[in-house]
Structure formats: structure tokens, C-alpha cells
Amino acid sequence: MIIMSETYLKLMKYLDKSIALETALVLLQWDSETLAPEKSMELTAKSIGILSSEYYSSLINEDVKSLLDKLSEEKEQEQLDFNQKAIVKKLKKTFEEMEHIPPEEYQTYQELIAKAPGIWAKAKQEHLFSMFSPYLEEIMEYNKKFASYRVKEGQNLYDVLLNDYEEGFNTKELDIFFDKVKSSIVPLLKEVVKKNDMIKKEYNYQSFDTEKQKEFCNFISQYVGFDLSRGVIAESAHPFTTKLHNQDVRITNHFLEHNLESAIFSVIHETGHALYEMNVDSAITLSPVGTGASMGMHESQSRFFENIIGRSKSFWIPIFSKLKDTFPEQLKDVTLDSFIKGINKSVPSLIRTEADELTYSLHIIIRYEIEKMIFAGEANISELPDIWNQKYKEYLGVVPPSDSEGILQDIHWACGNIGYFPSYAIGSAIAAQIYYHMESIMPFHSYLEEGNLAPIREYLKEHIHKYGASKNTNELLMGMMKEPLNADYYVRYLTEKYTKLYEL
Ligand code: ZN
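Conventions adopted
Residues numbered from 1 in each chain as written. Predicted model: local features only at pLDDT ≥ 70, side-chain atom pairs only at ≥ 80, totals over all residues. Heavy atoms only, no water. Pairing = 2+ DSSP bridges. Helix = DSSP H or I, 4+ residues; strand = E, 2+ residues; numbered from the N terminus. Axes fitted to C-alpha atoms, helices over the stretch in contact; angles between N-to-C directions. Contact = heavy atoms within 4.5 Å. Donors = N, O, S within 2.8 Å, 3.2 Å for Na, K, Ca; no water. Tetrahedral: all angles 85-135°; square planar, octahedral: opposite > 155°, others 65-115°. Buried < 20%, exposed > 50% of the residue type's maximum accessible area, 1.4 Å probe, protein only. Expected span 1.5 Å × (residues − 1). Polar contact = N/O pair within 3.5 Å; in protein donor to acceptor, adjacent residues only side chain to side chain. Phe/Tyr/Trp six-rings, centres within 6.5 Å; stacked < 30°, edge-to-face > 60°. Lys NZ or Arg CZ within 6 Å of the ring centre and 35° of its normal. Left-handed = near helix turned anticlockwise from the far one by under 90°. Nonpolar A, V, L, I, M, F, W, Y, C, P; charged D, E, K, R; others polar. Salt bridge = Lys/Arg side-chain N within 4 Å of Asp/Glu carboxyl O.

Q: What should I look at first to understand the sheet that holds strand S2 (residues 241-245) in this one?
A: Sheets are built from strands that pair by backbone hydrogen bonding, the pairs being arranged parallel or antiparallel. Read from one edge to the other, the open sheet built from three strands follows the order S1-S3-S2, with strand pairing classed as mixed. In the strand order of this sheet, the two ends are held by strand S1 (231-235) and S2, each with one partner. Taken over all neighbouring pairs, the strand axes of this sheet differ in orientation by 20 degrees on average, direction set aside. Looking at chain direction, S2 and strand S3 (residues 248-253) are connected through four bridges and run antiparallel. Bridge pairing in S3 links Lys243 to Val249. Contacts between helix H11 (residues 260-278) and the sheet are confined to S1, S2 and S3, with S3 contributing the most and set at about 165 degrees to the helix.

Set out below in C-alpha cells:
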């Protein structure tokens, strides 16, 4: 029998309380995005504020600090199992991120990023970057300042933030990664654009009854593996995934009458996130490592199901007739092959969230390059709209008609998420790498053609999902295929796919 460390037992009391408070906060947030009436926030916000500060102090306090220090000693470490070590490590990281920031600066910053999304939304609505730019300036300054409190020797400030979202990743590695992607994708896209008329998809923009869309989306989510006895599907303006633990995982979807594929691929994407959370091992689900390893790893799972599985012909072979039966009039002349071409069509566009697989990473590269320029002092906030537009013209060949479709399109900066965007591209690259690996060890496409997704889900569960955040991205990839992240697979995937699709 393993004797549990006394020190760890003491820490668990704090952990249990923090998780209870976090659960309440997650539910309130879920409610505000799905069912809460429009006017509720003004008064509910007060309770959220109080619960948030209770949550913060339940973990960030002197007792927890001394328990963590003690648990880091060799003698104590020997008494911890793998999961407990991972929990201690994760908590220490959170502590280190927080403890250098003076509480009053933290408080002011929290107020700033609580206010900024509202200003951003208004500026976006009125196409007026100058309305938002003073806030953005302040947010960037705070982020530089907070990073400067914990920057290590020889490290640049932007790297501090990148490492928060994706442990072990920095500008040196990301520059190589993005250069590789950019130098292959930009020329490939130029060839694709020339043949743009080759693929027709007018069928997608007819009128599709949203109740029927919902029915089909609920079917496809379960087909992919969403377990309704441990999950809920609701509606919200922007689809997202959240969870209380592995027995209660929630996703949302949204429906557009004149766009058939929007809801279908949103729900497959969110189901990918949900499977990750549902498969986290029960031993760690209610702990600080009871969630996905990182933003990039999470996005790799959602994009794996959405794009690599969901946009493949093999996946649709068993279920395309069901989609046609749901919309017999609209899809009567659409064959499986023309549908597959339609859902993979590439069109350079202005909006990242609606981008196809080929152009998606270029949207991310632009944001990454701009963030880097800001942190290197190479760009003033007032110059950002021009820099943005120039880069869109250069990489994608399109120019936003206003800042709302340009520099103001994403909410991330208003929420203080700086250094977050690269994770989206990392996720896509990981998904491609996992795909080639899985295809080499199992009859991947035959499983899809048979409508048998269980072996694919099981493999992901065993090698990624069950570990939660007890291992980081590269540790998971090494464990799975003895190779860390390698962008070559992503470039190969996009090149093969689009060369074939456009007969280049
Ligand atoms: Zn996602």
C-alpha cells in the first residue's frame, strides 16, 4: 500500500476548495453564454467577482506556497506518484506566474480586461480602431510589464507569454515553424486561387431549416463519439466547449439558415474538444491537471476531428445519404464527390474563424508577426491597421474594407490573450502529424468507411487524452510517436491535399 504524503494531504484540502469554486464559476459562465437573460449580467457579475477572488485566494496564499515548497523537496517528491508530482508542478507554475505581480497592478489589469471587450465590440461595430487603440496600448504595456517581472536572462519578453500558453515553445522555434509553413503555403495558395472556379459550392448557401440542421448536428456529434450521458449540447453565439469534470462536458453550436456547413463543422470541432475532456483519467479529472495539456494540444484534437476526419471522403461515405435525406430538395443534385470538394474549397478571405484549412495558418502568422513587432518595439499601436492590411495583401491577396474585418476582428487582444494565437497553428500542425502516424499503424480510412470511429478514439485516449495536463505537448508526442512537433507533416498534408483537390 502506498502511504500518502502528509503534506500532500494538506494541499488537497485547498485543491478541493478551489475546484468547488471553479465549478461554480464555470457554471455561471456557461449559463451566461447560453440561457441567462440579457439583462442578468449587471447583477450576477457581483457574485462572479466575489467567487473569483475567493477562487484566487484559495490557491494563491502563504499556506499553499509553503506546502508547495515542501513538496518540491526530494524527500517529499519520493512519496508522490506521477499524477501528484504533475499537480505540484502545475501549481508551482501558476504560483510563479502570479506571485511577482503586485496585487494592486493585478487588480487594475483585471478591471481593464473586463472593460476592454465591451469597448472592442463597440469599436468593431462602428469600424473605429481609434476607439479601441488606447485600451489595446494599455493592455500591451501591462503584458510587457508582467512579463518583465519574470523574464529569465537571455529570454525576450514575448517568449515569456508564448511559454504560458505552450510550454517549451519560443520565438526561435516558432520562427522556423512559421517560415516553413509560409514559404510553402503562400506559393501553393497562388496556384489554387488561379483555379478557384473549378469547385462550385452554391448548394451550401440555400435555405436550410435550422431545426433540421440541429437534428443532424446532434446525430453527427454522437456519431463522432459525444456521450450524451456525460455531456450537454446547447446553443450560443460562438460555439465553445467547457467542462466541470470528465462526467460533465458541455459544448455549444450555432445555426445559420443560409450556410449548411457552418454548424456541421462547428459541432465536429467542439466534439473533438469534448472527447479530450471526457477521456481525461478519472484519477486526475478533479485536479489542476484534469484538462487538456495546452491550448495547442486541445486545438489539435478539435481540428483533427473537424478537418482530418470530418472533411475526408471516408468519413462521409457511411453518412452522406443521411444528410441528403435530411435536405432532399436542396441536395438532390449534389453528389458525394462534389460535396467533398465543396467542403474543402479554399478561398482567401478576411476572417480567420471562417478560413479554410489552406489559408488558416496564414491568418495566424500575421497575428504572430504583429505581436512580435509590438514586443520588439518595431510597431506603434496606431500603425497596426496599416501593417495588418499590408500583410493581408501580401500573404492572402485580400484587403479589409474596414478595420472591423481587419485589425478589430478578433476578441483575443481585448481579453489580454497575447501570445495565444500561435497555439491555433500549432494545433493544426500537430493534427497533421498525428494523422500520418495513425495512418501508418492502423487501417485509418477503412475504419472511417465502416463508420467505426472507436479504434481511432481509443488510440487518442490512450496516448493523449487520459493524461490531461500531466504531460506537456512534446512529451505526449514523444510518447506517441517518438518525435516532437515537426512542421514538415503539416506542410506535406496541405500540399498533398490541395495539389490533388485542384489537380495542380
Ligand atoms: Zn477550438
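From this point, the narrative continues.
Q: When you look at the coordination of the zinc ion in this model, what are you seeing that I'm missing?
A: In an ideal octahedron of six donors the angles at the metal are 90 or 180 degrees, and in an ideal tetrahedron of four donors they are 109.5 degrees. Every protein donor of the zinc ion is listed here as His269 (NE2), His273 (NE2), Glu299 (OE) and Glu299 (OE), and their distances to the metal cover 2.1 to 2.8 Å. Classification of the site at the zinc ion rests on its four donor atoms, whose angles at the metal span 48 to 123 degrees, yielding the label irregular.

Q: Which parts of the structure should I look at to understand the pairing of S3?
A: Along any regular strand the residues' side chains alternate between the sheet's two faces. Taken across its six residues, S3 has six buried, putting it largely inside the fold. Burial along S3 is two-sided: the residues Asp248, Arg250 and Thr252 and Val249, Ile251 and Asn253 are all buried. Two strands pair when backbone bridges link them, and S1 and S3 are joined in this way by five bridges, in the parallel orientation. From the neighbouring strand, Ile233 faces S3, where its bridge partner is Ile251. In this structure, the hairpin formed by S2 and S3 is closed by a connection of two residues.

Q: Sorry if this is basic, but what is going on with H11 here?
A: Each α-helix winds once per 3.6 residues, and so residues spaced three or four apart point in a common direction. Here H11 is 19 residues long and its end C-alpha atoms lie 28 Å apart, about the 27 Å a rise of 1.5 Å per residue gives. With respect to burial, H11 is a largely interior element, 19 of its 19 residues being buried. For H11, the side-chain oxygen to backbone nitrogen distance between the N-cap and Glu261 is 3.3 Å, and the N-cap itself is Asn259.

Q: Before we go on, may I ask you to explain the environment of Ile464 in this structure?
A: Of note, Ile464 is situated in the loop between helix H20 (454-463) and helix H21 (473-481). Owing to a relative accessible area of 0%, Ile464 belongs among the buried residues under this scheme. When near neighbours in sequence (up to four residues on either side) are disregarded, Ile464 contacts Tyr276, Met297, Gln301, Ile434, Leu476 and Met480.

Q: How should I be thinking about the packing of aromatic side chains in this particular structure?
A: For any pair of aromatic rings, the description consists of the separation of the ring centres together with the inter-plane angle of the planes. This structure, assessed with the given rule, holds 32 aromatic pairs. Aromatic side chains Tyr436 and Tyr489 sit 6.1 Å apart centroid to centroid with 35 degrees between the ring planes, which places their arrangement in the tilted category. Taken together, the residues Tyr436 in helix H18 (residues 422-441) and Tyr489 in helix H22 (residues 488-501) connect sequence positions 53 residues apart. Put simply, the rings of Tyr203, Phe216, Phe219, Tyr223, Phe315, Trp316, Phe320 and Phe339 touch in pairs and so form one group of aromatic residues. The residue whose ring lies beneath Arg303 is Tyr360, and the NZ or CZ to ring-centre distance is 3.9 Å.

Q: Mind showing me how you'd approach the side chain of Lys201 here?
A: Relative to the helices and strands, Lys201 is located in the loop between helix H9 (171-194) and helix H10 (210-224). If near-sequence neighbours (up to four positions away) are discounted, Lys201 is found in contact with Glu261, Gly342, Ile343 and Lys345.

Q: Is there a simple way to think about the packing of helix H16 (residues 357-375) against helix H17 (residues 384-396) in this case?
A: Running from amino to carboxyl end, H16 crosses H17 at an angle of 145 degrees, the nearest separation of the two axes being 10 Å. Seen along the crossing, H16 lies across H17 with a hand that is right-handed. Residue-level contacts link Thr359, Leu362, His363, Ile365, Ile366, Arg367, Glu369, Ile370, Met373 and Ile374 of H16 to Leu384, Ile387, Trp388, Lys391, Tyr392, Tyr395 and Leu396 of H17. Considered class by class, the residues forming the contact of H16 with H17 number twelve nonpolar, two polar and three charged.

Q: Would you explain the pattern of salt bridges in this entry?
A: When their charged atoms lie close together, side chains carrying opposite charge are able to pair. Here the structure, examined in full by the defined rule, presents 27 salt bridges. Its salt-bridge partner being Lys180, residue Asp488 comes within 2.9 Å of it at the nearest N-O pair. You can see Asp488 sitting in helix H22 and its partner Lys180 sitting in helix H9, a full 308 residues away along the chain. A residue is classified by how much of its surface remains accessible, and Asp488, at 40% relative accessible area, is partly exposed. A relative accessible area of 31% places Lys180 in the partly exposed class. A salt bridge links Lys332 to Glu329; the nearest nitrogen and oxygen atoms lie 3.8 Å apart. For the pair shown, Lys332 and Glu329 are each scored as exposed. Among the ionic contacts, a cluster of salt bridges with common partners joins Lys182, Glu369 and Lys391.

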